[in-house]
Protein chains: 6
Amino acid sequence: MRIDGRERNEIRPVEMVTNYIKHPEGSVLIAMGDTKVICNATIEERVPPFMRGEGKGWITAEYSMLPRATQQRTIREAAKGKLTGRTMEIQRLIGRALRSVVDLKKLGERTIWIDCDVIQADGGTRTASITGAFVAMALALDSLVKKGSLSVLPITDYLAAISVGMDEELGSLLDLNYAEDAGANVDMNVVMTSAGNFVELQGTGEEAAFTRSELNTLLDLGEQGILELIQHQKQALKEIAFNISSSNKEGAS
Amino acid sequence: MRIDGRERNEIRPVEMVTNYIKHPEGSVLIAMGDTKVICNATIEERVPPFMRGEGKGWITAEYSMLPRATQQRTIREAAKGKLTGRTMEIQRLIGRALRSVVDLKKLGERTIWIDCDVIQADGGTRTASITGAFVAMALALDSLVKKGSLSVLPITDYLAAISVGMDEELGSLLDLNYAEDAGANVDMNVVMTSAGNFVELQGTGEEAAFTRSELNTLLDLGEQGILELIQHQKQALKEIAFNISSSNKEGAS
Amino acid sequence: MRIDGRERNEIRPVEMVTNYIKHPEGSVLIAMGDTKVICNATIEERVPPFMRGEGKGWITAEYSMLPRATQQRTIREAAKGKLTGRTMEIQRLIGRALRSVVDLKKLGERTIWIDCDVIQADGGTRTASITGAFVAMALALDSLVKKGSLSVLPITDYLAAISVGMDEELGSLLDLNYAEDAGANVDMNVVMTSAGNFVELQGTGEEAAFTRSELNTLLDLGEQGILELIQHQKQALKEIAFNISSSNKEGAS
Amino acid sequence: MRIDGRERNEIRPVEMVTNYIKHPEGSVLIAMGDTKVICNATIEERVPPFMRGEGKGWITAEYSMLPRATQQRTIREAAKGKLTGRTMEIQRLIGRALRSVVDLKKLGERTIWIDCDVIQADGGTRTASITGAFVAMALALDSLVKKGSLSVLPITDYLAAISVGMDEELGSLLDLNYAEDAGANVDMNVVMTSAGNFVELQGTGEEAAFTRSELNTLLDLGEQGILELIQHQKQALKEIAFNISSSNKEGAS
Amino acid sequence: MRIDGRERNEIRPVEMVTNYIKHPEGSVLIAMGDTKVICNATIEERVPPFMRGEGKGWITAEYSMLPRATQQRTIREAAKGKLTGRTMEIQRLIGRALRSVVDLKKLGERTIWIDCDVIQADGGTRTASITGAFVAMALALDSLVKKGSLSVLPITDYLAAISVGMDEELGSLLDLNYAEDAGANVDMNVVMTSAGNFVELQGTGEEAAFTRSELNTLLDLGEQGILELIQHQKQALKEIAFNISSSNKEGAS
Amino acid sequence: MRIDGRERNEIRPVEMVTNYIKHPEGSVLIAMGDTKVICNATIEERVPPFMRGEGKGWITAEYSMLPRATQQRTIREAAKGKLTGRTMEIQRLIGRALRSVVDLKKLGERTIWIDCDVIQADGGTRTASITGAFVAMALALDSLVKKGSLSVLPITDYLAAISVGMDEELGSLLDLNYAEDAGANVDMNVVMTSAGNFVELQGTGEEAAFTRSELNTLLDLGEQGILELIQHQKQALKEIAFNISSSNKEGAS
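What you see is a predicted model; the values in this text were computed from it and never measured. (Residues numbered from 1 in each chain as written. Chains lettered and ligands numbered in written order. Predicted model: local features only at pLDDT ≥ 70, side-chain atom pairs only at ≥ 80, totals over all residues. Heavy atoms only, no water.)

Now for the overall build of chain A. When its secondary structure is counted, chain A shows 6 helices and 9 strands. For a compact globule of 253 residues, the expected C-alpha radius of gyration is about 18 Å, and chain A comes in at 18 Å, within 12% of that figure. Seen through its principal axes, chain A has C-alpha atoms that stretch 55 × 45 × 30 Å. Within chain A, counting contacts between residues at least 6 apart in sequence, those at least 24 apart form 71% of the total. Split by element, the accessible area of chain A, about 9400 Å² in all, is 47% carbon and sulfur. Positive and negative side-chain charges of chain A, numbering 28 and 35 respectively, have mean locations separated by a distance of 7 Å. (Helix = DSSP H or I, 4+ residues; strand = E, 2+ residues; numbered from the N terminus. Rg over C-alpha atoms; globule rule 2.2 N^0.38 Å. Contact = heavy atoms within 4.5 Å. Areas by Shrake-Rupley, 256 points an atom, 1.4 Å probe, with all protein chains shown as cover. Lys, Arg positive; Asp, Glu negative; His and termini not counted. Charge placed at Lys NZ, Arg CZ, Asp CG, Glu CD.)

Residue and element names in this part refer to chain C. Read across the open sheet, the 5 strands follow the order β1-β2-β3-β5-β4; overall the sheet is mixed. Of all the strands in the sheet, the pair left with one neighbour each is β1 (14-18) and β4 (58-65). Strand-to-strand, the axes of this sheet are offset by a mean angle of 15 degrees, without reference to chain direction. Here β1 runs beside strand β2 (residues 26-32); their pairing, made up of 5 bridges, is antiparallel. Bridge assignment links Glu15 to a residue of β2, and that residue is Ala31. Across the face of the sheet, helix α2 (residues 85-99) comes into contact with β4 and β5 (111-120) while running at roughly 145 degrees to β4. (Pairing = 2+ DSSP bridges. Axes fitted to C-alpha atoms, helices over the stretch in contact; angles between N-to-C directions.)

What follows deals with the interface of chain D and chain A. On the chain A side, the residues contacting the 33 residues of chain D number 33 residues. Buried surface at the junction of chain D and chain A, summed over both partners, amounts to about 3000 Å²; 48% is from carbon and sulfur atoms. Taken together, the links from chain D to chain A amount to 4 salt bridges. Residue Asp220 of chain A is joined to Arg212 of chain D by a salt bridge in which the shortest nitrogen-to-oxygen separation is 2.9 Å. (Buried area = accessible area lost by both parts, 1.4 Å probe. Salt bridge = Lys/Arg side-chain N within 4 Å of Asp/Glu carboxyl O.)

Right, let's talk about the UniProt feature "binding site: phosphate" (unreviewed entry) in chain A for a bit. Taking the numbering used here, the UniProt-annotated feature "binding site: phosphate" (unreviewed entry) corresponds to Arg86, Gly124, Thr125 and Arg126 of chain A. A maximum C-alpha distance of 13.3 Å places the annotated residues, which cover 41 residues in sequence, within one compact spot. Within the secondary structure, Arg86 of chain A is located in helix α2 (residues 85-99). In this structure Arg86 of chain A comes out as partly exposed when scored by relative accessible area, which is 29%. Sequence-distant contacts of Arg86 of chain A, defined by excluding residues within four places in its chain, comprise Tyr63, Met65, Thr125 and Arg126 of chain A together with Arg92 of chain D. (UniProt positions renumbered as here; feature names shortened; annotations may be inferred. Buried < 20%, exposed > 50% of the residue type's maximum accessible area, 1.4 Å probe, protein only.)

On to the environment of Pro13 of chain C, then. Residues and elements named next belong to chain C. Here Pro13 lies in the segment before β1. By relative accessible area, which is 64% here, Pro13 ends up exposed. Taking the C-alpha atoms as reference points, Pro13 and Asp34, 21 residues apart in sequence, are found 8.9 Å from one another. With residues near it in sequence (within four places) discarded, Pro13 still touches Ala31, Met32 and Gly33.

Axes are the key here: two packed helices are described by the angle between their axes and the distance separating the axes. Residues and elements named next belong to chain E. As a packed pair, helix α2 (residues 85-99) and helix α4 (residues 125-146) sit with axes 10 Å apart at the nearest point and diverge in direction by 40 degrees. Judged by the angle between their axes, α2 and α4 are oblique. Considering the relative orientation of α2 and α4, their crossing is right-handed. The segment α2 lies against α4, with Arg86, Glu89, Ile90, Leu93, Ile94, Ala97 and Leu98 engaging Thr125, Arg126, Ser129, Ile130, Ala133, Phe134 and Met137. Residues that form the contact of α2 with α4 fall into these classes: 9 nonpolar, 2 polar and 3 charged. (Parallel < 35°, antiparallel > 145°, perpendicular 65-115°, else oblique. Left-handed = near helix turned anticlockwise from the far one by under 90°. Nonpolar A, V, L, I, M, F, W, Y, C, P; charged D, E, K, R; others polar.)

For the rest of this paragraph, the subject is α4 of chain E. All names here are of chain E. Over its 22 residues, α4 extends 31 Å from the first C-alpha to the last, a length consistent with the 32 Å expected when each residue adds 1.5 Å. The buried count for α4 comes to 19 of 22 residues, which makes it a mostly enclosed element. Positive backbone phi, approximately 85 degrees, marks Gly148, located one or two places after α4. (Expected span 1.5 Å × (residues − 1).)

Right, let's get into the pattern of salt bridges. Within this structure, the stated rule accounts for 114 salt bridges over all chains. Of the charged contacts, one joins Glu180 of chain A and Arg2 of chain A as a salt bridge, the two residues approaching to 2.8 Å between their closest N and O atoms. Here Arg2 of chain A lies in the segment before β1 (14-18) and Glu180 of chain A lies in helix α5 (residues 178-183), a separation of 178 residues in the sequence. The residues Glu180 of chain A and Arg2 of chain A share a single accessibility class, namely buried. For the salt bridge of Asp175 of chain C with Arg12 of chain C, the shortest nitrogen-to-oxygen distance reads 3.2 Å. Here Arg12 of chain C lies in the segment before β1 and Asp175 of chain C lies in the loop between β7 (171-174) and α5 (178-183), a separation of 163 residues in the sequence. In terms of burial, Asp175 of chain C and Arg12 of chain C fall into one category: buried.

To continue, consider the pairing of strand β2 (residues 26-32) of chain D. Residues and elements named next belong to chain D. Within β2, 7 of the 7 residues are buried, which leaves it mostly tucked inside the rest of the structure. Relative to strand β3 (residues 35-44), β2 runs antiparallel, the two being bridged by 7 bridges. Within β3, the residue paired with Gly26 across the bridge is Ala41.

What follows deals with the relation of the copies chain D and chain A. Under the fitted operation, chain D is carried onto chain A by 0.0 Å of movement along the axis and a turn of 180 degrees, and the coordinates agree to an RMSD of 0.0 Å. When the rotation and shift are considered jointly, the pair of chain copies conforms to a two-fold rotation axis. Distance from the rotation axis, computed per C-alpha, reaches its smallest value in chain D at Gln202 of chain D: 2.2 Å. With an isologous cut-off of 70% or more, the 100% of interface residues of chain D that recur at the interface of chain A puts this contact in the isologous class. (Least-squares fit on C-alpha atoms with pLDDT ≥ 70 in both.)

All names here are of chain A. Mapped onto the fold, Asn177 is located in the loop between β7 (171-174) and α5. Within the structure, Asn177 has its side chain in polar contact with the backbone nitrogen of Glu180 (distance 3.0 Å). If sequence neighbours within four positions are ignored, Asn177 has contacts with Ile3, Asp4, Arg6, Arg12, Asp122 and Gly123. (Polar contact = N/O pair within 3.5 Å; in protein donor to acceptor, adjacent residues only side chain to side chain.)

Per the stated rule, a full pass over the model turns up 6 cavities of 30 Å³ or more. There is about 70 Å³ of room inside the largest cavity. Taken together, Glu89, Leu93, Arg96, Arg126 and Gln202 of chain B together with Glu89, Leu93, Arg96, Arg126 and Gln202 of chain C make up the full set of residues lining the largest cavity. Elements with a minimum of two residues in the lining of the largest cavity: α2 (85-99) of chain B together with α2 of chain C. Grouping the constituent residues of the lining of the largest cavity by class yields 2 nonpolar, 2 polar and 6 charged. (1 Å grid on protein atoms, 1.4 Å probe; cavity = no way out; pocket = protein on both sides within 12 Å on 5 of 7 lines; lining within 4 Å. Points joined across faces, edges and corners; volume = space filled by probe spheres on them.)

Sheet strands pair by backbone hydrogen bonding; their relative direction is either parallel or antiparallel. Residue and element names in this part refer to chain E. Read from one edge to the other, the open sheet built from 5 strands follows the order β1-β2-β3-β5-β4, with strand pairing classed as mixed. Looking at strand neighbours, the two that pair on one side only are β1 (14-18) and β4 (58-65), the edges of this open sheet. Within the sheet, the average angular offset between the axes of one strand and its neighbour, ignoring direction, is 15 degrees. Docked against the sheet, α4 engages β1, β2 (26-32), β3 (35-44), β4 and β5 (111-120), running at close to 35 degrees with respect to β3.

Moving on, we come to the UniProt feature "domain: Exoribonuclease phosphorolytic" (unreviewed entry) in chain A. As annotated in UniProt, the feature "domain: Exoribonuclease phosphorolytic" (unreviewed entry) corresponds to residues 10-140 and 158-224 of chain A in the numbering used here. Taken end to end, residues 10-140 of chain A is 30% helix and 31% strand, and its first and last C-alpha atoms sit 31 Å apart.

Let us look at unusual backbone geometry. Here the phi dihedral of Asp175 of chain A falls at roughly 60 degrees; this positive angle occurs in a residue that is not glycine. On the accessibility criterion, Asp175 of chain A (2% relative accessible area) is buried. If you check the backbone angles, Lys238 of chain E has positive phi at about 50 degrees while not being a glycine. With respect to the helices, strands and loops of the structure, Lys238 of chain E is situated in the segment after α6 (212-237).

So, on to the packing of aromatic side chains. By convention here, two paired aromatic rings are described through the distance between centres and the angle between planes. Residue and element names in this part refer to chain C. In the structure shown here, the tally under the stated rule is 18 aromatic pairs over all chains. Judged by centre distance (5.9 Å) and plane angle (85 degrees), the ring pair of Phe50 and Trp58 falls under edge-to-face. Its relative accessible area of 18% is what places Trp58 among the buried residues. A cation over an aromatic ring shows up here: Lys234 above the ring of Tyr158, its NZ or CZ 5.1 Å from the ring centre. (Phe/Tyr/Trp six-rings, centres within 6.5 Å; stacked < 30°, edge-to-face > 60°. Lys NZ or Arg CZ within 6 Å of the ring centre and 35° of its normal.)

Below is the structure:
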């Protein structure tokens, strides 16, 4: 029995509040249990210097935690004057994941800035950020469609992320909270599309190792969780949900 | 008539959600109109090195804005690697203001960290931060009382802050929103106790100047606004409200 | 009786040595008692990127102290690699204050860089910086008039600054030296024009508070001190002094 | 046919020069084709502050590339004043991987610093770093055994790493060089022990996605490559190779 | 004929104002022509961590220029957040030079901080800094003798520095001003004791080279200039001058 | 007798491996005894902003040591976030020295980046860097000649560098290794052309001083060592060696 009474393959209660902040082109508050992340998407009508003139867009992400998102207060990265390796890893992951389901040519020479700010943390903040960021990005892109800047939503598939892990006593677990994550031998983050394809797979055995068979069990759990999360995304996006399709890909027919 | 229909001496709708984040010892979401700030207070059981052994406590504050708290996305200070002068000014102001109503000797060798994170900005973020931070601090100190670490709440008076300004057409205004602030000739922040005493007064005539008489008009407005805000603080603090008193001061009798 | 024998409303001996450093367009060594600041003004024939094409000028200030300007040696900000909050606050204040008495349109697309370097500190360094910087700026602007780049000095009024404070025993004091400042309950900096209008007002009760009546006493003292300082500025500026007038304002008739 | 004539499941020529640099406790130059990395291991007789008193050791890694290790000159991170996210990711990965095969309790309160400096890059620098760092670490730990500071080599298994990827035309490939890596749709790094267990698995579909079946093909290739690399490690370590065993684990019997 | 009418072997007018700033233990304003440097010496009653317990003292120097010490305004290093290579080179040179004439054992576990702040620059700022710093240091050490902390001045010889250079037309020159320095083919800084021994010798042919014979001519000039400067130091130090002697060296008899 | 059995005027075994790294336009591994430096030269087809439009080229150098190039591990400058003064001094020296033997006009608007990375240090790393960098630079410039971008090699003379020093017991020494350098009273670096002219001369008596006569002895030793090193450079450069000549200078006839 898990610490919060869930089944091993049960995700935490999910909530997605769209248009949470008024200024961004896309904004979502995502809660997965006690993990709460504000995901804002900003449209900028240009791309970074290294991409200019290629006719393609760019998606980049930043991630941060409020100092008391965590049980112990964490020192602000702005106060330290530099980002931690953990933050850099996470924001690179979020950007890479989102780029895999957007047709950057169709997006045109625009940058989408994704800001994921964790206001309360209880495990799985990077996966919640990806799942929420997808919705914020879809809202922002839809605003471009609505005002006629884009003819079609350039999103080719849904995308969500979840953590899975291996507990010495309980075995494989889906959607670990902080206490479970701290105790797990193996920690894996899975980012997947609705077509069941992997976009990113990161498994780590800190001071441990895992077998091929354990990997397979974890991937099965992850896939199940992601399909549930994509249902939540569809509900949050309402009528926009119908415009996300692999036919949005350049050259698809 | 003001842009949002308010009277010149009318503050915006105020909301204070206590215990907003679960981890901090004190937590409040304060909304003043569309300005929303998460204020968290953390108790640390030691003081900075320069104060050790003096038997006194310390209160320090940090302030930040989410990148899309504003209409245009602001670059993260963590990404730039340094704090702006504006941020430093504000966090020094918050800390100084709160220290003026706490008996630091009674607090003992502890630090209270105040984190004010603006999630949505529409003018007056520094004054909202002070007003909200006071409540978060009171909740955190009360937690020390409740668990017996302090015998009495070491807060000697209420403290709130508000902006006032001078508009070329409308004259003096209370609690300026962003549009009003951008257009004002004179911008003043008043920090005051319930006894009507000034803790901090900062008036600026950017590319302008103001007379002694205008100053007096603005101070009258500010005092009125602050007394209203203190009423909101009392309601938010509920029964704790009764324990804030000048008799909490060391040596008071 | 004050520590150095002055009356409560008496400023320290003032000295302003113009053309102190040979390279800058305007240069003044200002001494207020033992506080000594080198104020240099530099003309740059362009404005920062965010202002280009607006036909307006800009004034910006930097402030620093030599490590042994103070009783204890202070670590260089260049060695630490970042400015302290105090420095940032002061240099923002100096720039804002000077901009309030210059017609930036008449200045044209130029930047005036003000450098205030405290070589010896004994309280009131920020107010001495403003008072001295005004003279250095006037000299630099006059050099533009003299070489025909400007037809008229674009300065609309005199500007000076002074500190006032409240001592528990002595009551209100004008122009506090370091020892007085360290012991004061209330510390206020007043920046004012010769017309008696406020450009900036910053009052702080560190771990204390002050009443409306105390505020008024302090403002009276401040106004008196500032008018004296402006007399010193006029003497330092000699014949240039006559060209500073509110009729220099764009659109004035 | 691959660009350099290899079979799809063929790794590049491997070379490991032990004792390459004379000062470090362990030193290896590893070459995998044209990728060359100097891996040095340093023993420090203490642990970081957060671990003191726990009776456990620590292993940490740093990674860097010479500016002209790459085809285009890369700006030095020391000149920029900060590490890139890519560097941080890699050095965290190397440290984490090595810690998984060392019994940190048996190591005692010591830190092993691993420095991986790429002098020539042609793809797979992070995996070559891990494979080489394992050997440098073993040499350094063996020096502790030789001088009597440790009674047994606290390494519980071999560890090596390799990249696998999916090319649109050629399908799955083992040990990608730079040109192959740049063209791959899917890029995966596998870190594995001689027991065939995963220590780390990082698969990325940049602007693409991969199926479960493709994942399995890639993992098969990776396992094969790693077992070959471990043979090379055994040859490089000579008689030390026999002292690496899972029986080195605390509590193993 | 030199640009300012001097002979080739003539130094500029020298002025040394002792006790220029009131707070430091030793303070000198040195002027060599239009080059003016404030040299302050601070005594700290401890040494840096790497020297503790060795019973020896340390001397370290910092160097800076006011932004408008130069003809064009120079950006502050504090604003840039880092020291330039030129500054680092100079402050290392000043410290090293001074340490060569102080018996660090006799100094005891104390640090002397030397601050050289150039307020006006016209060539030769690093050599003027050394010459002035020597006097400031002697005053600071004498204050330790006067209050009984040291029994004898631990200075073993005088020390001064000067620049020499080779002009294409005028040949060898002593004590170059800025215009001469900018035009010189060879630039050399000589640091020497009153005994005529070299402490530091730095000759540079930027985009040029110099012969052994030219070197000798330059060294002759330098020696002559340094002996003159040492006369000025003796006058500035008054009666302290008699206490500087090689017999102050540990073990001298 | 020297610690490694050499004569006082004997340099260490010299090795220069050209084309050591495959990507750079010029690459050399230089070994002087146990000191080993990888010197890479990169051609960039533009100059820094401050030189654009002048029709001249630029040469700049960077220097670094692997953390375990030294006996004790040195912290990475990239990890500290800033360069040490020592590194800055050395890289400025290398660049300045190389520029003195290149006709920058003939080079045209190009930058040559020199990277000197010390992989193993045993004294004399800066002089070995200069000697090796000269060869790498010549190879890179020759590549421009070979592909027709330059009609002639714009190098006007050979350039090499060596250290000399004064040992209390052994007297003057040529090419000091680390142990000798640590014990020397006087340390001097000489950079010279094949014509026997000085390009740079840096002599330091750390906590000591040296006479004119000692200087002359050291310069004689240095000249001898440099001529030997230039022979090694000629052998390493093979047929390119013949194209280095003072007649390559603009305007030479």
